[in-house]
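Single-letter residue listing:
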Amino acid sequence: MTCEAHRDDVLDVLYGEADPAATRRVEEHLSGCRDCRDELDGLRRLRGDLSEWELPASLRGSRAIPSVFRSTWWRPLAAAATVLLALGGALGLSGSELRYDAGRVSFRLGRAPVASAPAASPGQDLERRLAALEARQEEALRTIQAALASGSGPAAADQLLPRMERLIADSEARQALMLDARLEDYADRVDRQRRYDMAQVSAGLSYLDGKTGLQVARTTELVGQVLQASQKR
Amino acid sequence: MSIDSKAAVLWPGASYPSRVGPSDEELVETFQGGDSAAFEVLVRRWDRRIQGLIYRVVGGEEEARDLCQETFLRAYRGLGTFKKEARFSSWLYQIALNVSRDRLRRRRLRNHVSLDELTEESEARWAQGGPTALDLVESRDLSRAVAVAVAALPDEQREVIVLKEYEGLTFQEISQVLDVPLSTVKTRLYRGLGQLRLHLTRQGIRGAAPVPAPLS
């Protein structure tokens with residue numbers, strides 16, 4: 001048998017899939033064929049090299065699970081949290097009033113004059129202003145929680161009310177800032193996409209233009225040849 | 001957390017054998033019976049392997065993630081009509097390879113035009129397809145050299161090489177996944193290995209080089 005005829009058996013041996021009969025056939029052939037021995041050795045070394053190709057670290061550590069397939073136990077909680085956040089945001093943005101009176105917390109839905117949020121500025125300035133607002137909110141919350149825990153009664157409630165109103169105003173301002181920043185970011189992305197699309201269209205037109213030019217040149221050459229042929233006649 | 005312990009968490013009272021866990025085909029049957037959570041286990045069992053397969057066939061980390069999700073979405077849509085006589089893994093590999101081929105086809109069409117445009121964005125996207133020859137020259141890194149060599153193979157050979165070398169499928173399994181005769185699988189593999197050896201030898205990778213015959 002020729003070396004070529006043993007190729008499939010050699011592959012089976014190389015990958016450990018050979019049955020005893022195939023293994024015997026290959027061994028017998030290799031004992032008398034140096035070329036095939038070298039070939040098998042070379043393929044084994046090649047497999048060693050191929051095994052060096054590792055996946056990028058980012059793929060080794062991450063899963064690629066579409067969110068629709070994830071477990072569903074948290075979905076009701078997530079939905080509830082979303083509703084609460086939306087309500088909170090709506091309350092803050094609509095200028096609703098939160099009141100603590102006679103030991104009871106109450107709120108009124110309404111459209112109070114919205115605090116004039118300063119225009120959002122990009123980069124560090126925005127981050128600084130957001131951080132300052134967040135710090136003030138946290139401070140106000142801590143104060144309110146401390147007052148509630150001490151249970152100082154209606155007198156303390158009167159002091160609490162302005163703080164809570166200020167908390168809401170800060171929240172409104174913070175959300176307005178974030179909204180402006182997101183709108184700015186969105187506009188920037190749309191603009192970049194538009195420029196990319198224009199570049200694509202331009203490249204496509206250049207390509208078509210090149211093709212058309214080539215076609216015209218071919219047609220001109222063909223007409224020239226026809227004219228020459230007709231003149232010869 | 002292992003697949004089996006994950007399955008135990010998902011179905012604490014389930015009657016699946018705790019030692020080996022439900023097979024793919026049992027999970028498919030559970031899914032077809034109306035328990036969509038069974039698909040979660042199949043995804044967790046296969047997503048990394050499918051992601052790796054796609055990365056090696058298509059190139060590009062982000063593309064691998066996207067196409068892996070696309071693969072499981074298609075599997076999810078088709079699992080209801082999955083025939084029980086087929087192996088789930090072979091079926092899933094087929095979907096992943098089809099998704100990969102679609103992407104490669106689209107990429108080639110797009111690059112036909114983008115050769116002229118040379119915008120920064122298109123260059124960046126082109127670069128996502130895998131390391132360039134320049135990368136290779138600069139890095140001299142074996143892993144990247146192999147990646148470049150595999151990327152340079154014809155699609156049919158690359159698929160067989162990846163399924164065999166990196167997914168560890170048997171010849172018979174590859175034959176089923178690709179729906180081609182066993183002899184075709186071995187021919188593609190042999191030719192692919194030959195191309196790889198040639199490519200790596202040209203790059204100065206010594207291990208791949210054939211042993212020179214002794215002087216007599």
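Residues numbered from 1 in each chain as written. Chains lettered and ligands numbered in written order. Predicted model: local features only at pLDDT ≥ 70, side-chain atom pairs only at ≥ 80, totals over all residues. Heavy atoms only, no water.

A word on the overall build of chain B
Working step 1: Counting secondary structure elements, chain B contains 11 helices and zero strands.
Working step 2: Starting at the N terminus and walking to the C terminus, you meet the elements of chain B as α-α-α-α-α-α-α-α-α-α-α.
Working step 3: Buried residues in chain B amount to 47% of all 216 residues.
Working step 4: In chain B, the share of contacts with a sequence separation of at least 24, taken over all contacts with a separation of at least 6, comes to 60%.
Working step 5: Here chain B displays about 11100 Å² of accessible surface, and carbon together with sulfur accounts for 51% of that area. (Helix = DSSP H or I, 4+ residues; strand = E, 2+ residues; numbered from the N terminus. Buried < 20%, exposed > 50% of the residue type's maximum accessible area, 1.4 Å probe, protein only. Contact = heavy atoms within 4.5 Å. Areas by Shrake-Rupley, 256 points an atom, 1.4 Å probe, with all protein chains shown as cover.)

Quick notes on the overall build of chain A
Working step 1: Regarding its fold elements, chain A presents seven helices and two strands.
Working step 2: Starting at the N terminus, the α and β elements of chain A follow one another as α-α-α-α-α-β-β-α-α.
Working step 3: Split into buried and exposed, the 233 residues of chain A put 27% on the buried side.
Working step 4: For chain A, long-range pairs separated by at least 24 residues make up 53% of all intrachain contacts whose partners lie at least 6 apart in sequence.
Working step 5: As displayed, chain A offers around 15800 Å² of accessible surface, 58% of which is attributable to carbon and sulfur atoms.

Digging into a nonpolar patch on the surface
Working step 1: A contiguous nonpolar surface patch, about 290 Å² in accessible area, is contributed by Val201(A), Leu205(A) and Leu208(A).
Working step 2: Along the polypeptide, Val201(A) turns up in helix α7 (residues 154-232). (Patch = residues over 30% accessible without salt bridge, like charges linked within 9 Å, V, L, I, M, F, W, Y side chains within 5 Å. Salt bridge = Lys/Arg side-chain N within 4 Å of Asp/Glu carboxyl O.)

Things to note about helix α1 (residues 7-14) of chain A
One turn of the α-helix equals 3.6 residues, which is why residues spaced by three or four share an orientation.
Working step 1: Most of α1(A) sits out of view: seven of its eight residues are buried.
Working step 2: Here the buried face of α1(A) lies against α2 (20-31) and α3 (34-50) of chain A together with α10 (171-178) and α11 (182-202) of chain B.

Observations regarding the packing of aromatic side chains
Residue and element names in this part refer to chain B.
Working step 1: Per the stated rule, a full pass over the model turns up 11 aromatic pairs over all chains.
Working step 2: Ring centres of Trp 46 and Tyr 93 lie 5.9 Å apart, and the angle between their planes is 80°; on these two criteria the pair is classed as edge-to-face. Of this pair, Trp 46 sits in helix α3 (residues 37-58) while Tyr 93 sits in helix α5 (residues 88-117), and the two are 47 residues apart along the sequence.
Working step 3: The exposure class assigned to Tyr 93 is buried, which follows from its relative accessible area of 2%.
Working step 4: A connected cluster of aromatic rings, assembled from ring pairs, spans Phe 31, Phe 39, Phe 72 and Tyr 76.
Working step 5: Its end group placed over the ring of Phe 171, Lys 164 keeps NZ or CZ at 4.2 Å from the ring centre. (Phe/Tyr/Trp six-rings, centres within 6.5 Å; stacked < 30°, edge-to-face > 60°. Lys NZ or Arg CZ within 6 Å of the ring centre and 35° of its normal.)

Some details on the nonpolar core
Working step 1: By size, the foremost hydrophobic cluster in this structure holds 70 residues, and its most contacted members are Ile50(B), Leu79(B), Phe88(B), Leu163(B) and Leu193(B).
Working step 2: Examining the composition of this core, we find that 12 residues originate from one element, α3(B), more than from any other.
Working step 3: Setting aside its immediate chain neighbours within four residues, Phe88(B) contacts Asp24(B), Glu25(B), Val28(B), Leu42(B), Trp46(B), Leu79(B) and Phe82(B).
Working step 4: Leu130(A), Leu133(A), Ala173(A) and Leu177(A) belong to the second-largest nonpolar core, a separate cluster that totals five residues. (Core = buried A, V, L, I, M, F, W, Y, C linked by side-chain atoms within 4.5 Å.)

With respect to the side chain of Asp24(B)
Residues and elements named next belong to chain B.
Working step 1: Along the chain, Asp 24 falls in helix α2 (residues 24-32).
Working step 2: Separated by 2.7 Å, the side chains of Asp 24 and Arg 45 make a polar contact.
Working step 3: Ignoring sequence-local partners within four residues, the contact set of Asp 24 consists of Leu 42, Arg 45, Trp 46 and Phe 88. (Polar contact = N/O pair within 3.5 Å; in protein donor to acceptor, adjacent residues only side chain to side chain.)

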